[in-house]
Amino acid sequence: MWLKLVETFKEMNLPKFRQGNCPADLPESFFTYWNLDTPEDGFYDDESHRNIYFWVVYLYTTDEDFLYTKFEEFIEKAKEKGFKTDGRGKDIPSDVPNYLGRYIKLTYMEEKS
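Just so it is clear, the model here is predicted, and its values are computed rather than measured.

Chemist: Would you mind going over the pairing of strand S2 (residues 29-37) in detail, with residue names and values included?
Modeler: Moving residue by residue along a regular strand, the side chains alternate between the two faces of the sheet. Relative to S2, strand S1 (residues 16-18) runs parallel, the two sharing 3 bridges. When the bridges of S2 are listed, Lys 16 appears paired with Phe 31. In terms of strand pairing, S2 meets strand S4 (residues 50-61) through 8 bridges, oriented antiparallel. Its bridge partner lying in S4, Trp 34 is registered against Val 56.

Written out as C-alpha cells, the structure reads:
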C-alpha cells in the first residue's frame, strides 16, 4: 500500500517529506504526509483478513492558484490508485510565512492473502 502512495507522489513531480522532517530550506511547493493508523479488520476464525491504512497528506506552496489545482490533481490520482478520500480537502495554516496549505485524509483497504 505504501508503494501506491509513493507512486502518487512521484506522478505529482513535487518533493515529499514525512510530516515534521522538512528541510530548513523549503522548496516553493511540496507534500508532507503522516500515517494516522493502520488497524486490522475483517475478522473471522479469530484472524484479521484486512488492513486499513489511514493517511493525512498536506500540500504547501507559495502560490494560491497552484495550491488548488495541484491538490485537485493529487486527489484524482489517489482515487485512481484505490484510495478513498474524506472530501475535496481543507485549508490548513502554515507555520512558515508566505506558505499556504491544504490537507486531505486518505483511506486504503488492503485484503490480506
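Chemist: Could you give me a rundown of helix H1 (residues 2-12), with the residues and numbers involved?
Modeler: Buried residues of H1: Leu 5, Val 6, Thr 8, Phe 9 and Met 12, and no others. Relative to the axis of H1, the buried residues are bounded by an arc of 155° and lie together on one face. Exposed positions of H1 whose direction lies more than 90 degrees from the buried face are Leu 3 and Lys 10. Where H1 is buried, its residues touch S1, S2, S4, helix H2 (64-80) and strand S7 (100-111). Positive phi appears at Asn 13, one or two residues downstream of H1, with a value of about 55°.

Chemist: Which residues make up the environment of Gly 87, and what values go with them?
Modeler: Locating Gly 87 in the fold gives a position in the loop between strand S5 (84-85) and strand S6 (90-92). C-alpha of Gly 87 to C-alpha of Ile 75: the two residues are 12 residues apart in sequence and 9.1 Å apart in space. Residues within four places of Gly 87 in sequence aside, it is in contact with Ile 75 and Ile 104.

Chemist: Which residues make up the nonpolar core, and what values go with them?
Modeler: In terms of nonpolar packing, the biggest core is built from 20 residues, with Leu 5, Phe 31, Trp 55, Val 57, Phe 74, Phe 83 and Leu 106 touching the most fellow members. Residue contributions to this core peak at 5 residues, all from H2. Apart from residues no more than four positions distant in its own chain, Leu 106 is found in contact with Leu 5, Tyr 53, Phe 54, Trp 55, Val 57, Phe 74, Ala 78, Phe 83, Lys 84 and Thr 85. In terms of nonpolar packing, the next biggest core, distinct from the first, is built from 7 residues, Phe 17, Phe 30, Tyr 60 and Tyr 99 among them.

Conventions and cut-offs
- Residues numbered from 1 in each chain as written.
- Predicted model: local features only at pLDDT ≥ 70, side-chain atom pairs only at ≥ 80, totals over all residues.
- Heavy atoms only, no water.
- Pairing = 2+ DSSP bridges.
- Helix = DSSP H or I, 4+ residues; strand = E, 2+ residues; numbered from the N terminus.
- Buried < 20%, exposed > 50% of the residue type's maximum accessible area, 1.4 Å probe, protein only.
- Arc of directions from axis to C-beta.
- Contact = heavy atoms within 4.5 Å.
- Core = buried A, V, L, I, M, F, W, Y, C linked by side-chain atoms within 4.5 Å.

Read these as layout, nothing more, since geometry by itself doesn't imply function.
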